[in-house]
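So the chains spell out like this:
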2 protein chains.
Amino acid sequence: MVTIKDIEQAADRIAPHVLKTPLLESETLNARLGGRLFVKAESLQKTGSFKLRGATNRIACLSETEKARGVVAYSSGNHAQGVALAAKLHHVNAVIVMPSDAPKVKIANTERHGAEVVLYDRNTESREEIGAEIAEQRGSVLIPPYDDAHIIAGQGTAGLEIAEQAEESGVILDDVVICCSGGGLSSGVSLALADRSPETAVWTAEPEGFDDTARSLAAGRRVSNKPGAKSICDALLLPAPGALTFPILIEHVAGGLVVDDDDVRRAMKIAFEEFKLVLEPGGAVALAAILSRRIDVLGRNVAVIATGGNVDAALFAEVIQGR
Amino acid sequence: MVTIKDIEQAADRIAPHVLKTPLLESETLNARLGGRLFVKAESLQKTGSFKLRGATNRIACLSETEKARGVVAYSSGNHAQGVALAAKLHHVNAVIVMPSDAPKVKIANTERHGAEVVLYDRNTESREEIGAEIAEQRGSVLIPPYDDAHIIAGQGTAGLEIAEQAEESGVILDDVVICCSGGGLSSGVSLALADRSPETAVWTAEPEGFDDTARSLAAGRRVSNKPGAKSICDALLLPAPGALTFPILIEHVAGGLVVDDDDVRRAMKIAFEEFKLVLEPGGAVALAAILSRRIDVLGRNVAVIATGGNVDAALFAEVIQGR
């Protein structure tokens, strides 16, 4: 369905609009871990997350008629900002449906990119229904957060960069760990690495209570999270893997890693201290999986994707001053 | 004395050890400023500051006999970490003389890079004397923080990267603003840009009370700061421009910009919000000069170097939650 060719074409298409983010390394952390740990800092991407990649690719592929009718998206925040900026860069109107309890910084930034924000109650309303209704009323195109071939191909461009940057560092990566919710990034990157670095094992990372991908991979079919779970990882609270993304994950991902909120807080603190990175909780889950030794770095070359940095100051201040 | 050739050779020499840091841009901040603002994120450099560039070039140029005798350096922190890691990467012993009131994170990281740290009292002791004494006792080579041709050439490599990255973005930079203390980075980068981007005006930025470079540039001769001034910019508290660096600054720098600690705090907060960067106070001075409109970005292309990110968590937490 999505091929390496699609990802390569996406890379050309989005190149003028997205940052080739750095692959960072800390000598002191490497010494402590006894191996080499690389952090792909997508928190530095414009809009503060990788989501701009897929959104830009999707919107660039719209027809002129579709562009004129505008786009609509629903998102807990990072996809919202990605779609808002991608739409602005292509002179397309955007309406974004966001949960009223999303981090203030994500709502504010979405509006600052020129999008119209419609808030909904996460507990009583369906964002899919609201999004579909707006799309129908206005004739606008829905930009889904992950279950879309153009979105998957766009996110996969991060995988091309990781393979290229690892090669420049003279390294063959043993493992790549990816923060996962709907699976758009994980599926795209695992496709890219299957082509460019077939020796590399790809893993998803999820917060406790939202480990649907790990359990689905183990079960061989899509299973959902129990309702009522809580996590500080606001970007990763979806109920189940995607219909399009899951078959790709089953084929290309070695397994799913799970961490708790304390692991995530420690990873955010280490990212601040060692890499001078601002990571949001959901963006630190893959790093947390490594630092809590879900995979051992000893004698190995391991990369994690730090997927986002959109975190409110109060939470970040609390976390970096924690134990 | 230092030529573009020296900087080019330094770039080749240090390439295996240093990160080519990204040149970041924020669409929302650009919209607010009415121009394009680029941030060269040297805070992401290994050891958390640009200082690794010069230190690596200096130590790579030592003879085998000199390497065997080890190196000594004095520094408020960032040069310390740069020398410590550069020495480790070249299998050279390092002794670092640091003020006892330096940020804890800088002292701890210097030790973690394997260097021996000797603390001194900033008010009653001379770090130059202590450094010279150790160098004499042990026969080790002193690695000065800025007044050295190899150090200047090493720091200048950041200027080559800025010119190259601006060209990739299709931009001719009108201005580049650089956080300045002894002038090693400012002199090296201004030399590099004079060759690669002669249309660009280069400016130094300093904190109030430590504006020796601005006043020296205005006076046409080296003048010193009055003792007793205070600033949160712990990395930029030197009394006067260097003997080697100042003649280069006089030739290639348009002028010196000065900001106060409140400007610096606001810039650190904006760097957190818009760029997801952790900047230390001294690393945010150039950004502060832009955000407080010492130079107008309206209709222009301006780059600042964010020189470092080694800041204690308590101070960073306070600053990002400020007004």
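Scoring rules and cut-offs
- Residues numbered from 1 in each chain as written.
- Chains lettered and ligands numbered in written order.
- Predicted model: local features only at pLDDT ≥ 70, side-chain atom pairs only at ≥ 80, totals over all residues.
- Heavy atoms only, no water.
- Helix = DSSP H or I, 4+ residues; strand = E, 2+ residues; numbered from the N terminus.
- Rg over C-alpha atoms; globule rule 2.2 N^0.38 Å.
- Contact = heavy atoms within 4.5 Å.
- Areas by Shrake-Rupley, 256 points an atom, 1.4 Å probe, with all protein chains shown as cover.
- Lys, Arg positive; Asp, Glu negative; His and termini not counted.
- Charge placed at Lys NZ, Arg CZ, Asp CG, Glu CD.
- Salt bridge = Lys/Arg side-chain N within 4 Å of Asp/Glu carboxyl O.
- Buried < 20%, exposed > 50% of the residue type's maximum accessible area, 1.4 Å probe, protein only.
- Least-squares fit on C-alpha atoms with pLDDT ≥ 70 in both.
- Core = buried A, V, L, I, M, F, W, Y, C linked by side-chain atoms within 4.5 Å.
- Arc of directions from axis to C-beta.
- Disulfide = S-S within 2.5 Å.
- Phe/Tyr/Trp six-rings, centres within 6.5 Å; stacked < 30°, edge-to-face > 60°.
- Domains from an automatic or database assignment.
- Buried area = accessible area lost by both parts, 1.4 Å probe.
- Axes fitted to C-alpha atoms, helices over the stretch in contact; angles between N-to-C directions.
- Parallel < 35°, antiparallel > 145°, perpendicular 65-115°, else oblique.
- Left-handed = near helix turned anticlockwise from the far one by under 90°.
- Nonpolar A, V, L, I, M, F, W, Y, C, P; charged D, E, K, R; others polar.
- Pairing = 2+ DSSP bridges.
- Polar contact = N/O pair within 3.5 Å; in protein donor to acceptor, adjacent residues only side chain to side chain.

Caption draft 1: Quick peek at the overall build of chain A. Looking only at helices and strands, chain A has 14 helices and ten strands in total. Compactness check: chain A gives a C-alpha radius of gyration of 18 Å against a globular reference of 20 Å for 323 residues, within 12% of the reference. Taken along its principal axes, the extent of the C-alpha atoms in chain A is 55 × 40 × 35 Å. Excluding contacts between residues fewer than 6 apart, the proportion of contacts in chain A whose partners are at least 24 apart in sequence is 74%. Per element, the accessible surface of chain A, about 11800 Å² overall, is 48% carbon and sulfur. Chain A carries 33 positive and 43 negative side-chain charges, and their two centres are separated by 2 Å.

Caption draft 2: View of the pattern of salt bridges. All names here are of chain B. Under the counting rule described, the total for this entry stands at 44 salt bridges over all chains. With its nearest N and O atoms 3.2 Å apart, the salt bridge here joins Glu116 to Arg138. On the criterion of sequence distance, the pair formed by Glu116 in strand E5 (residues 116-120) and Arg138 in helix H7 (residues 127-138) is long-range, its members being 22 residues apart. The closest approach of N and O atoms between Asp195 and Arg196, which form a salt bridge, is 2.9 Å. Exposure remark for Asp195: the relative accessible area of 40% places this residue in the partly exposed category.

Caption draft 3: Summary view of the relation of the copies chain A and chain B. Mapping chain A onto chain B leaves a residual RMSD of 0.0 Å; the transformation is a rotation of 180° accompanied by 0.0 Å of translation along its axis. The relationship between the two copies is best expressed as a two-fold rotation axis. Of the C-alpha atoms belonging to chain A, the one lying closest to the rotation axis is found on Ala317(A), 2.2 Å away.

Caption draft 4: Expanded view of unusual backbone geometry. Even without being a glycine, Arg293(A) presents a positive backbone phi close to 60°. With respect to the helices and strands, the residue Arg293(A) is situated in the loop between helix H13 (285-291) and strand E10 (301-306). Overall, the relative accessible area of 48% leaves Arg293(A) in the partly exposed class. Unusually for a residue other than glycine, His91(B) sits at a positive phi of about 60°. Locating His91(B) in the fold gives a position in the loop between helix H5 (78-89) and strand E4 (94-99).

Caption draft 5: Broad picture of the nonpolar core. Membership of the largest hydrophobic core comes to 88 residues, with the highest contact counts inside it found for Leu277(A), Phe316(A), Leu277(B) and Phe316(B). In this structure Leu277(A) touches Leu24(A), Val39(A), Ala41(A), Ser43(A), Leu44(A), Ala271(A), Phe272(A), Phe316(A), Leu44(B), Lys276(B) and Val278(B), once residues within four positions along its chain are discounted.

Caption draft 6: Focus on the side chain of Ser216(A). Residue and element names in this part refer to chain A. Looking at where Ser216 falls in the secondary structure, it is placed in helix H10 (residues 212-219). Since its relative accessible area comes to 0%, Ser216 is described here as buried. Not counting residues up to four positions away in its chain, the partners in contact with Ser216 are Arg221, Arg222, Val223, Pro241 and Phe246.

Caption draft 7: Representation of helix H11 (residues 245-252) of chain B in the model. Residues and elements named next belong to chain B. Of all the positions in H11, only Thr245, Phe246, Ile248 and Leu249 are classed as buried. Looking straight down H11, one finds its buried side chains confined to an arc of 160°; they lie on one side. Residues of H11 that are buried make contact with helix H8 (149-168), helix H9 (184-196) and helix H10 (212-219).

Caption draft 8: Geometry of the state of the cysteines. Residues and elements named next belong to chain A. Applying the stated criterion across every chain, the model contains zero disulfides over all chains. For the unlinked cysteine Cys180, the closest cysteine sulfur is that of Cys179, found at 9.0 Å. Overall, the relative accessible area of 1% leaves Cys180 in the buried class.

Caption draft 9: Quick look at the environment of Pro103(A). Residues and elements named next belong to chain A. Within the element layout of this structure, Pro103 appears in the loop between strand E4 (94-99) and helix H6 (104-112). For Pro103, a relative accessible area of 13% gives the class buried. Residues Pro103 and Ala235, spaced 132 residues apart in sequence, show a C-alpha to C-alpha distance of 9.7 Å. Those residues in contact with Pro103 that lie beyond four places of it in its chain are Ser76, Asp234 and Asp312.

Caption draft 10: Inspection of the packing of aromatic side chains at higher detail. Following the criterion strictly, the structure yields five aromatic pairs over all chains and no others. On the numbers, 6.3 Å between centres and 75° between planes, the contact of Phe316(A) with Phe316(B) is edge-to-face. In this pair, Phe316(A) is assigned in helix H14 (residues 313-320) and Phe316(B) in helix H14 (residues 313-320), connecting two distinct chains. Exposure remark for Phe316(A): the relative accessible area of 0% places this residue in the buried category. Ring pairing ties together the aromatic residues Phe272(A), Phe316(A), Phe272(B) and Phe316(B), which thus form one cluster.

Caption draft 11: Summary view of the domain arrangement of chain A. Residue and element names in this part refer to chain A. Annotation of chain A at the domain level lists domain 1 (4-50 + 148-320) and domain 2 (52-142). The centre of domain 1, based on its C-alpha atoms, is set 23 Å off from the matching centre of domain 2. On the domain 2 side, the residues contacting the 31 residues of domain 1 number 25 residues. Taken together, the links from domain 1 to domain 2 amount to five salt bridges. Lys106 is paired through a salt bridge with Asp234; the nearest N and O atoms lie 2.6 Å apart.

Caption draft 12: Inspection of the interface of chain A and chain B at higher detail. Of the residues lining the interface, 34 residues belong to chain A; the matching set on chain B comes to 34 residues. In total, chain A and chain B occlude about 2700 Å² of area from one another, counting both sides; carbon and sulfur atoms represent 66% of this. Along the contact surface separating chain A from chain B lie four salt bridges. As a salt-bridge pair, Arg112(B) and Glu274(A) come within 2.5 Å of each other at their nearest N and O atoms.

Caption draft 13: Quick peek at the packing of H8(B) against H9(B). All names here are of chain B. It is the contact of H8 with H9, at a shortest axis distance of 7 Å, that shows an interaxial angle of 45°. One finds that H8 runs oblique with respect to H9. Crossing angle aside, the handedness with which H8 passes H9 is right-handed. Contact residues: Ile152, Gln155, Gly156, Ala158, Gly159, Leu160 and Ala163 in H8; Gly184, Leu185, Ser187, Gly188, Val189, Leu191, Ala192, Leu193 and Arg196 in H9. Classifying every residue of the contact of H8 with H9 gives nine nonpolar, six polar and one charged.

Caption draft 14: Spotlight on the sheet that holds strand E5 (residues 116-120) of chain A. All names here are of chain A. Spatially, the four strands line up as an open sheet ordered E5-E4-E3-E6, and their pairing is parallel. Strands at the two margins of the open sheet, each flanked by one partner only, are E5 and strand E6 (141-142). The sheet contact formed by strand E3 (residues 71-74) and E6 spans two bridges and is parallel. In the sheet register, Val72 faces E6, and the bridge partner there is Leu142. Packing against the sheet, H6 makes contact with E4 and E5, and its axis sits at approximately 175° to E4.

Caption draft 15: A look at the side chain of Asn310(B). Mapping Asn310(B) onto the fold places it in the loop between strand E10 (301-306) and H14. From its side chain, Asn310(B) meets the backbone oxygen of Thr47(B) in a polar contact 3.0 Å long. Side-chain polar atoms of Asn310(B) contact the side chain of Asn78(B), separated by 2.7 Å. Not counting the four nearest positions on each side in its chain, Asn310(B) is found in contact with Lys276(A), Thr47(B), Gly48(B), Ser49(B), Asn78(B), Gln81(B), Val105(B), Lys106(B), Asn109(B) and Glu280(B).

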